Amino acid sequence: MREWLDELEEQYGLDRLTYWSRQLVLASFVTLLLLTVYRGFLLQGDTFNWRPIVAFVLPLILFLPTIIGRRPRGHAWLSFVSLLYFTQGVMVATLPSQAFRGVAEALVSLALFVGCMGYARFRSHQLQQTH
């Protein structure tokens, strides 16, 4: 795997790989955030309760400074948190009435995982080259 990533860096360059992994992180982060807000609204009964929405969204919101600050280590941690959403998506996908939403959440969180891990690697290599 390491050789393959090194070949990618040589073939496409760190700047391009960092840019595309960052775009993947941003797109999947926003999509996962919207899916979790939607899930929170689905859990609402007759009266509105903000607690389920906060419970699902808070772990993602806590990583906003990391994404804005473009910190590689924070992206690595976000990738591990995205695996929790992947697990949740797989569990929800087993429910017949929620299968589409569960599969969508699992795929988006997997994209967030890949994007974060790629960004953490490529950005840290990029920062090492400048110092």
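Residues numbered from 1 in each chain as written. Predicted model: local features only at pLDDT ≥ 70, side-chain atom pairs only at ≥ 80, totals over all residues. Heavy atoms only, no water.

### Structural notes on helix 3 (residues 51-61)
As a reminder of what qualifies: Think of it in three bands: residues with accessible area under 20% of the maximum for their type are buried, residues over 50% are exposed, and the middle band is partly exposed, with areas taken using a 1.4 Å probe on protein chains only. To qualify as a helix, a DSSP run of H or I must reach at least 4 residues; to qualify as a strand, a run of E must reach at least 2; elements of each kind are numbered from the N terminus. This arc describes the spread of directions from the helix axis toward the C-beta atoms. Residues count as neighbours in contact if any of their non-hydrogen atoms are within 4.5 Å of one another.
The set of residues buried in helix 3 consists of Pro-52, Ile-53, Val-57 and Leu-60. Projection of helix 3 onto a plane perpendicular to its axis shows the buried side chains occupying an angular sector of 105°, all on one side. More than 90 degrees from the buried face of helix 3, the exposed residues found are Arg-51 and Ala-55. Where the residues of helix 3 are buried, they touch helix 2 (14-42), helix 4 (64-69) and helix 5 (72-93).

### Some remarks on the environment of Gly-69
Mapped onto the elements, Gly-69 comes out in helix 4. Separated by 33 residues in the primary sequence, Gly-69 and Gly-102 place their C-alpha atoms 30 Å from one another.

### So, the environment of Ile-68
On the secondary structure map, Ile-68 appears in helix 4. Residues Ile-68 and Leu-112 lie 44 residues apart in sequence; the distance between their C-alpha atoms is 15 Å.

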